[in-house]
Structure formats: C-alpha cells, structure tokens
Amino acid sequence: MHALRPLLRQSLFNLLAAALACGALLAPRAASAEALLLIEADSGKVLQAENATIPWYPASVTKIMTAYVTLKAVKDGKLTLDTLLTVSPTAASQSPSKMGFRPGTQLTVDNALKMMMVKSANDMAVVLAEGVGGSIDGFSALMNDTAQKLGMTQTSYVNPNGLPADGQITSARDLGILARSFLRDLPEYEYFVHIPAIRFGKRVTGNFNKLIGRYPGADGFKTGFICASGYNLVASATRNGRRLIAVVLGASSGTARAVKAAQLLERGFSQDNLTWLRPSLGTVDRLVPVDASPPNLRDDMCGGHRKRPASDDDDALIATNGGTSGSASTTGGEAQVTFFTAGLQPPLVKASELMASAPAAAEPVLVYTGPTRTGTALIAAVAADADQQATPKPRGKKSRVAKKPDAADKPADKPKDTKTAAAKSDAKPAAAAKPADGKSAAKPAGNKHAAAKPDAVAKPAVSGEAAKPAKPKAATKPAKPANNS
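Quick caveat: nothing in here was measured; it's all calculated off a predicted structure.

**Quick look at the packing of aromatic side chains**
Under the counting rule described, the total for this entry stands at five aromatic pairs. Taking 5.9 Å as the distance between ring centres and 90 degrees as the angle between the ring planes, the aromatic pair formed by Phe182 and Phe221 counts as edge-to-face. Of this pair, Phe182 sits in helix H7 (residues 172-185) while Phe221 sits in strand E7 (residues 218-226), and the two are 39 residues apart along the sequence. Exposure remark for Phe182: the relative accessible area of 0% places this residue in the buried category. On the basis of relative accessibility, which here comes to 1%, the residue Phe221 falls in the buried class.

**Some details on the side chain of Gln154**
Mapped onto the fold, Gln154 is located in the loop between helix H6 (136-150) and H7. Relative accessible area serves as the criterion here: at 11%, Gln154 is assigned to the buried category. Within the structure, the side chain of Gln154 is placed 2.6 Å from the backbone oxygen of Thr53, a separation counted as a polar contact. Only 2.8 Å separates the side chain of Gln154 from the side chain of Ser171, close enough to count as a polar contact. Once residues within four sequence positions are removed from consideration, Gln154 is found in contact with Thr53, Ile54, Pro55, Ile169, Thr170, Ser171, Arg173, Asp174, Pro289 and Val290.

**Re the sheet that holds strand E8 (residues 230-239)**
With antiparallel pairing, five strands are arranged side by side in an open sheet as E2-E1-E9-E8-E7. The open sheet has two edge strands, strand E2 (46-50) and E7, and neither has a second partner. Each adjacent strand pair in this sheet contributes to an overall mean axis angle of 5 degrees, direction not counted. Inspection of the sheet shows strand E1 (residues 35-40) paired to strand E9 (residues 242-251) by six bridges, in the antiparallel sense. Within E9, the position partnered with Ile39 by the bridge is Ile245.

**Details of the state of the cysteines**
As used here, a disulfide is simply a covalent bond connecting the sulfur atoms of two cysteines. For the coordinates displayed, the defined rule picks out one disulfide. Through a disulfide, Cys227 is tied to Cys302; the S-S separation comes to 1.9 Å. Residues Cys227 and Cys302 are joined by a disulfide whose S-S torsion is about -90 degrees; by sign, that bridge is left-handed. Of this pair, Cys227 sits in the loop between E7 and E8 while Cys302 sits in helix H9 (residues 298-302), and the two are 75 residues apart along the sequence.

**Re the pattern of salt bridges**
Counted according to the given criterion, the structure contains 11 salt bridges. In this structure, the salt-bridge partner of Arg184 is Asp185, at a minimum N-O distance of 2.8 Å. A salt bridge links Arg239 to Glu266, with the nearest nitrogen and oxygen atoms 3.0 Å apart. Taken as a pair, Arg239 in strand E8 and Glu266 in helix H8 (residues 254-270) lie far apart in primary sequence, 27 residues in all. The class for Arg239 is partly exposed, based on a relative accessible area of 25%. Given a relative accessible area of 3%, Glu266 falls into the buried group. Salt bridges here are not isolated pairs; linked through shared partners, they connect Glu190, Asp219 and Arg243.

**A few points about the nonpolar core**
Ranked by internal contacts, the top residues of the largest apolar core, which has 95 residues, are Met65 and Met124. The biggest single contributor to this core is helix H2 (residues 62-75), with eight residues. Not counting residues within four places of it along the chain, the set of residues in contact with Met65 comprises Met143, Thr146, Ala147, Leu150, Met152, Tyr157 and Leu178.

**Observations concerning the pairing of E7**
Among the nine residues of E7, nine are classified as buried, and the element is accordingly described as predominantly covered. Two elements, E7 and E8, share eight bridges in a ladder whose sense is antiparallel. Paired with Thr223 across the strands is Leu233, a residue of E8. Linking E7 to E8, which pair antiparallel, is a turn of three residues.

The rules behind these values
- What you see as residue numbers is a count from 1 along each chain, following the sequence as written.
- Note on the predicted model: pLDDT of at least 70 is required for a residue's local features to be given, and 80 or more for side-chain atom pairs to be given and counted; whole-chain, interface and lining totals, by contrast, use all residues.
- Note: side-chain values were computed over all heavy atoms of the structure, leaving out hydrogens and water.
- A pair of Phe, Tyr and Trp rings is counted when the ring centres sit within 6.5 Å of each other, with Trp represented by its six-membered ring. The angle between the planes then sorts it: under 30 degrees is stacked, over 60 is edge-to-face, the rest tilted.
- Counting from the N terminus, the helices are the DSSP runs of H or I reaching at least four residues and the strands are the DSSP runs of E reaching at least two.
- Think of it in three bands: with a 1.4 Å probe and only protein chains considered, a residue is buried below 20% of the maximum accessible area for its type, exposed above 50%, and partly exposed in between.
- Identification of polar contacts relies on pairs of N or O atoms within 3.5 Å, with a donor-acceptor requirement for protein atoms, meaning one able to donate a hydrogen and the other able to accept it, and with residues adjacent in sequence counted only if both atoms are side-chain atoms.
- Note on contacts: a residue pair is in contact if any heavy atoms of the two residues lie within 4.5 Å.
- Paired strands, in this sense, are two strands between which DSSP finds at least two bridges.
- Axis definition: a line fitted to C-alpha atoms, over the contacting stretch in the case of helices. Angles run 0 to 180 degrees between N-to-C directions.
- The rule for a disulfide is simple: a pair of cysteine sulfur atoms within 2.5 Å.
- One side-chain nitrogen of Lys or Arg within 4 Å of one carboxyl oxygen of Asp or Glu is enough to make a salt bridge.
- Side-chain atoms within 4.5 Å are what join buried Ala, Val, Leu, Ile, Met, Phe, Trp, Tyr and Cys residues into a set we call a nonpolar core.

Given below as structure tokens:
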C-alpha cells in the first residue's frame, strides 16, 4: 500500500495538471471573447498570441482573400486592372455596406477593388468574384484552394464578402498568414490595403481602419464586423524598416479594435531590443490550431443594450462602452499603462486619444463607373456619377414629406384626407372649380396654411368633391412613398 502512494500522488498530480491546463485553455475564451495576434511580417515570428488559434467568423476581413485571389489573377495575366466588370442582380442584392449600383452598371477591376477595400462594399466583392471565378461558388472554391496552399488550415469560405454564413470561418493565426502572404506575393499591389479614403461623385468615404492616417506608420489592412464575430481588424505598420502585423478579433467597437491593434503594434516596436527577455513563441504557421466551434457574440454585439445598431464603421468611443473608469477592461489596461513597458520608456499619448483624433489630411482617391479614364474624360465621368447621385434626392424629399400624412392617417384616414384636399384648394384658389387634391397630397406642408383659413377652404373642398371624387386620389398619393421606402 505504501508503495502505491507515490503512484497515486503522481496520478492525482497529473489529473490536477491536466485540469488546470484545460482551464487555462478555456478561461481566456470565457473571460475575454476576443483573439489577439502580433507577428513580424518578414519572419512570421510571433510576438504575442491570445486565443490566436480559436476559430472565428471573419466578417469583412474575408475581403483580404478576395483581393488576394483577384490580384493574383491580374498578376498571372488572366485579367487586368482595366478589365470591365458588370454588376449582376446577385451583386446588387447584397446587404450593406455596399455601393448600391444598379444591375448592368460597369466598372473596372481597379475601381471595384478600391471600393471594396475602403468602403468594405459587399456588392463589389461579388462583382469581383463573378468576374474572376464566374460565380460566388466558383470564386469561393478558388479562395479555399488558395487558403490551403498558403497553410491556412483553419479557414473555409462560402462567399467573397464575409456576410454571415456558418461555413465562413478563419482564425487570427490564419489571418496573420494571409496578411504576410499578401505582402510577400503582391508587393506591387500593396497600395490597395492602405488607401485613406475614396471619392465617388460628391461622396467621400474614409477607410474604416482608424489606424490609417492616425497611427504613425500604419499601412494596412482591413476591418470586419458582423454580430456573431464582433469587431475585427487586421492591421500593419512599419517603423525603421521593420513591419509588424496585428490581428484583433471580437473587439467591442470600431474604436476598441483600433486601440487594441495600436497597443499591440506599439508594444512590438518598443520591445525590439528586449526580445531576449521573452520566451520564443515560434512562427505563426507553427501555432497549433484549436478544434472548436467559433464563439457567437451576437447577444453582446447586437443586443438591446446598444443605443444604435452596430456596424463596421462604428465610431463610438470606448468610453461609451463602460466609461473611463472601466476602460482598462476594454483597452487592455490602458488606464494604468501606456504603450511602452513601464519604467523603460517615457509615456506616450494613449491609443484611445490617438484614435479619437482627426486623421492626417489626405487627398481621397477618385473612383468611378465605366471604363478606365484620364484627364478630361475622368473629370466628366466623376461629374456624371455625381449627377446620378443627385437624381434620387427630389424623390427622397417627397417620400419624407409625404410620410407625415401617412403616419397621421393611421388613426383617422378620412379626416386627414379631407384636410389634405382642403390644403390644395387653399394653395390654388383659382382652381377651386376643379379639384387638385392629387397634387396637394404631395405637399402636405400646406396644412398649416389651410388651418389658418378654415372658412375659405371649406367651400372649394366640398365643390371639388362634388365635381370629381377626391378621396381615391388623396389616398393613393401617400401610398407611393411608402413603397419606395
């Protein structure tokens, strides 16, 4: 019996160690539903990794692979940046964020890529997918084949834009591998991942990656968000010839992901001369994948506690998600420490303050529909796009104005119809003999004036109804804006 005691103690110790190991593996996921990774771009050396091999929903960081496959096809001569692509009904039907072009609209590969990478346009991702792979399924097969060749063993794709789908999965590890591959294999097209803003017609859209133009040396890559994934970001920055890649998955807001990425990058740059103090974490491709299901953050990200619907361009400051007193939990302890290791470097500006500042001034890159243009032809194309943007505005104003009587009509349709007809009669007394209530329904703002002269209005309204029934016209007009909306 005495001889068995050491064996029993050893067995109990092993069981305890195994339990602690499992707890250590699961605890970070339960306590903090996010994944972080920091690597060197050239060597792939891992500088920091937390939950980096847990599967995750990629959301719009999927578009890094869409850009990679498209630009690889360009580099291989299968198409050019000037190749014209057509917006299909499938592309036009994608959920926002999108450019919103009508089916049949044509634009170049170059412009579609810029719109996709800066505005995160889901319709442009499908346009590129159909142009390169023939269909969404065909392009997804190319994406999956490319992922396997690059060593992205935790990744699968079913669409080119990252909209919610059960089979759309990746990990921080695989995204780090993809970002490295992009820089290594497509250096001549690197500018697509750090365009600060685009101008389409009169509309300017800034890059959703808040590091661009704010964090010194920031030069890539892409943001992403769906309710199930939280706020994702793959970011890169270069300092003194050394480039780092940071991956943040599952952050609580658009600003939070940028702050976390900035902190990761800054720590990596500041530890350049202190790497010998840290144990080696190996290279990104040697990180061991975790066999698990992706966490679903829908309740946390899109629950009723949010003041407004969450989206990829969320600009809410971290303070709104818990206040300054709780910022340590959302910014990785920023309230207590700054970027650099305490005591080794003087404190710098906090990452949250940096992200809240205005980006550096930069000229937006022009994007447009139609074939590649230069000079006066480009100016004309931009002006044409601007005119098209302005076309729907009058219709939109009528819809908004006409909606007021719609809302008022719900409790009492007939009285409101009578007032609308009366408003028209007051607006044009010369036409009292003929009812003009059809036009008056489009201008309900005249109700105020009608109320000022009830006696004068009553007679034309009655005579108008006698000459020709006004109620059907008054009822049909408000229905049109309702359909447009």
